[in-house]
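Topology and contacts: notes
Residues per chain are reported as follows:
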Amino acid sequence: MAAPSRALRSALARQLVRSAPAVQRRGLSLAARAAVVAPKVPNYTQQRGLKTIDFAGTPEVVYERSDWPREKLLDYFKNDTLALIGYGSQGHGQGLNLRDNGLNVIVGVRKNGASWNEAIQDGWVPGKNLFEVDEAISKGTIVMNLLSDAAQSETWPAIKPQLKGKTLYFSHGFSPVFKDLTKVEVPSDIDVILVAPKGSGRTVRSLFKAGKGINSSIAVWQDVTGKAKEKAIALGVAVGSGYLYETTFEKEVYSDLMGERGSLMGGIHGMFLAQYEVLRERGHSPSEAFNETVEEATQSLYPLIGANGMDWMYAACSTTARRGALDWTNKFKDAIKPVMNDLYTSVADGTETKRSLDYNSAPDYRQKYEAELEEIRNLEIWRAGKAVRSLRPENQEK
Ligand SMILES: NC(=O)c1ccc[n+]([C@@H]2O[C@H](COP(=O)([O-])OP(=O)(O)OC[C@H]3O[C@@H](n4cnc5c(N)ncnc54)[C@H](OP(=O)(O)O)[C@@H]3O)[C@@H](O)[C@H]2O)c1
């Protein structure tokens, strides 16, 4: 792509400056503003809503919802009953999106549990489109297993015999991939497919309501009818995905377990804690340590990475900030990469799955988990964060 014109560069810089929160505007130097470049659009070829996109030199096929307008979805699933089992975060998001798309969807959960009550609050009606798990499965042609991963393993002996002639759908490769541990050995005569939204079920819902769609992975574990992939794509669009990236069950589960333990959640929390503790031990106040560790990251810099990439964020910061960040990147990478490799090994050899199944199958797992969250909530860093957030204009009393 040709370099953007000076006028375009300064328009982009003005837009960036205007949309930046105060804390970020302070960090913008003139040189940085001038260095802001236009986001690059990837090269792609398109055919009926299916794109081959060049991801940094590797062509990958991406499916998109424009190939599956609502009328086509309604026609495709006109003889199907989608039995969505489990109503946690994904059940809620995918279920409501399917319902709003006009598809014939029913929910199956334990009677009078937390999910049952939540489903009623969301307008599902007992006996009409809300049933206990076994009854919902018996009515379904496509069984969408959205129980917790531990519960999928626990309930499998009861569910497996009911799947004859149906399609089995997962939103995580966990159960079939780690079948030696989960004991989820799927029947050999049914289609088994995956649509894994790359985000919380709450986001699946909020993006759908905003007229957008979440990115999801799709995969086929077993194709008996010759239609498994097509069904996965259609269901992916029906539950609210915008773009669908093709993968395998194994790759989906390995990358997902890695990401949430690594940079998405565990790793980033560990890094926040390490920096905050050093700042506090070296005499900085809680507010200063929090602002420099978390607030500026989440409110100012990370959204810039999300919008247009790392170089865009660098360009938006001072020359001093840029020089230091460039110098320290490799030190952090070298320190962290061995931990990432240990993590991948622990994912691939099933250690993480075993730990998750053992922990999440315990009858008191909710209480134990709540106690751990309470510990996090009470850490000084997150108590300081609560005070910092209360000062944001949107949290001030008018
Ligand atoms: N959450 C995410 O961000 C996300 C993103 C992508 C994919 N996924 C995948 O989507 C699937 C569902 O995850 P989720 O986070 O939506 O749900 P979740 O919170 O892990 O699971 C909750 C559901 O499982 C039910 N459940 C738990 N134990 C049960 C048991 N012994 N018998 C029957 N039901 C039981 C709960 O019912 P009660 O209320 O009755 O206990 C609830 O409906 C998983 O495979 C997950 O890996 C999740």
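Bear in mind the structure is a predicted one, so any value in this text is a computation, not a measurement. (Residues numbered from 1 in each chain as written. Predicted model: local features only at pLDDT ≥ 70, side-chain atom pairs only at ≥ 80, totals over all residues. Heavy atoms only, no water.)

Regular strands have side chains that alternate between both faces of the sheet. Bridging between strand S3 (residues 58-64) and strand S11 (residues 241-246) involves three bridges; their strand directions are antiparallel. Bridging across to S11, valine 62 finds its partner in tyrosine 245. Bridging between strand S10 (residues 214-222) and S11 involves five bridges; their strand directions are parallel. Following the sheet pairing, serine 217 is matched in S11 by tyrosine 245. Regarding the hand of the β-α-β motif, the stretch spanning S10, helix H12 (residues 228-238) and S11 is right-handed. (Pairing = 2+ DSSP bridges. Helix = DSSP H or I, 4+ residues; strand = E, 2+ residues; numbered from the N terminus. Right-handed = clockwise from strand over helix to strand, strands pointing away.)

As recorded in UniProt, the feature "binding site: Mg(2+) 2" (unreviewed entry) lies at Asp256, Glu292 and Glu296. Those annotated residues from the list above that line the second largest pocket are Glu292 and Glu296. Here aspartate 256 shows up in helix H13 (residues 249-261). A distance of 3.4 Å separates the side chain of aspartate 256 from the side chain of lysine 198, its partner in a polar contact. Mapped onto the secondary structure, glutamate 292 falls in helix H15 (residues 286-308). Discounting chain neighbours no more than four positions away, the residues touching glutamate 292 are Gln275 and Leu279. (UniProt positions renumbered as here; feature names shortened; annotations may be inferred. 1 Å grid on protein atoms, 1.4 Å probe; cavity = no way out; pocket = protein on both sides within 12 Å on 5 of 7 lines; lining within 4 Å. Polar contact = N/O pair within 3.5 Å; in protein donor to acceptor, adjacent residues only side chain to side chain. Contact = heavy atoms within 4.5 Å.)

What follows concerns the site of the ligand. Taken together, the neighbourhood of the ligand is formed by 22 residues, with Tyr87, Gln90, Arg110, Ser115 and Asp149 sitting nearest. One of the backbone N or O atoms of tyrosine 87 is found 2.8 Å from an oxygen atom in the ligand. Between the ligand and aspartate 149 there is a distance of 2.6 Å, counted from an oxygen atom to a side-chain nitrogen or oxygen. Here the ligand has 910 Å² of accessible area as a free molecule, and 79% of this is covered by the chains. Listing elements by their share of the shell around the ligand, those giving two or more residues are helix H5 (89-100), helix H6 (114-121) and helix H8 (149-159). (Near = heavy atom within 4 Å. Areas by Shrake-Rupley, 256 points an atom, 1.4 Å probe, with all protein chains shown as cover.)

Looking now at the pattern of salt bridges. Applying the stated criterion across every chain, the model contains 19 salt bridges. Among the ionic pairs, lysine 164 bridges to aspartate 189, the shortest N-O distance being 3.0 Å. Of this pair, lysine 164 sits in the loop between H8 and strand S8 (167-170) while aspartate 189 sits in the loop between helix H10 (179-182) and strand S9 (192-197), and the two are 25 residues apart along the sequence. Judged by its relative accessible area of 65%, lysine 164 is exposed. (Salt bridge = Lys/Arg side-chain N within 4 Å of Asp/Glu carboxyl O. Buried < 20%, exposed > 50% of the residue type's maximum accessible area, 1.4 Å probe, protein only.)

What follows covers the side chain of serine 217. Here serine 217 shows up in strand S10. On the basis of relative accessibility, which here comes to 11%, the residue serine 217 falls in the buried class. Here serine 217 is in contact with Leu194, Val195, Ala196, Lys198, Tyr245, Thr247 and Glu252, once residues within four sequence places are set aside.

On to helix H14 (residues 266-281). Helix length check: H14, at 16 residues, gives a terminal C-alpha distance of 22 Å against a target of 22 Å (1.5 Å per residue), a fit within 8%. Inspection of H14 places His269, Phe272 and Tyr276 among the buried residues, and these make up the whole buried set. Seen end-on, H14 carries its buried residues on one side only, within an arc spanning 60°. On the buried face of H14, the contacting elements are H15, helix H19 (365-377) and helix H20 (380-390). The positive-phi residue at the C-terminal boundary of H14 is glycine 283, with phi of around 95°. (Expected span 1.5 Å × (residues − 1). Arc of directions from axis to C-beta.)

Quick look at the packing of aromatic side chains now. Summed over the entire model, instances satisfying the criterion amount to twelve aromatic pairs. When the centroid spacing of 5.9 Å and the interplanar angle of 85° are considered together, the rings of tyrosine 254 and tyrosine 344 count as edge-to-face. A residue pair is termed long-range when its members are at least 10 positions apart, and tyrosine 254 in helix H13 and tyrosine 344 in helix H17 (residues 319-348) qualify at 90 residues. Classification of tyrosine 344 by relative accessible area gives partly exposed; the value is 38%. Measuring from ring centre to ring centre gives 5.9 Å for phenylalanine 290 and tryptophan 382, while their planes differ by 80°; the resulting arrangement is edge-to-face. Linking phenylalanine 290 in helix H15 with tryptophan 382 in helix H20, this pair joins segments that are 92 residues apart in sequence. Among the aromatic residues, ring-to-ring pairing joins Phe174, Phe178, Tyr254 and Tyr344 into one connected group. A cation over an aromatic ring shows up here: lysine 72 above the ring of tryptophan 68, its NZ or CZ 4.1 Å from the ring centre. The ring of tryptophan 328 is capped by lysine 331, whose NZ or CZ atom sits 4.2 Å from the centre of that ring. (Phe/Tyr/Trp six-rings, centres within 6.5 Å; stacked < 30°, edge-to-face > 60°. Lys NZ or Arg CZ within 6 Å of the ring centre and 35° of its normal.)

Counting buried residues along H12, nine of its eleven residues qualify, which places the element largely inside the surrounding structure. For H12, the complete set of buried residues consists of Ala228, Lys231, Ala232, Ile233, Ala234, Leu235, Gly236, Val237 and Ala238. Directly after H12, the chain includes glycine 240, whose backbone phi takes a positive value near 115°.

It is worth spelling out unusual backbone geometry at this point. Of note in the backbone geometry, asparagine 112 takes a positive phi value of approximately 70° without being a glycine. Within the secondary structure, asparagine 112 is located in the loop between strand S5 (105-108) and H6. One non-glycine residue, lysine 183, lies in the positive phi region at around 65°. Looking at the secondary structure, you find lysine 183 in the loop between H10 and S9.

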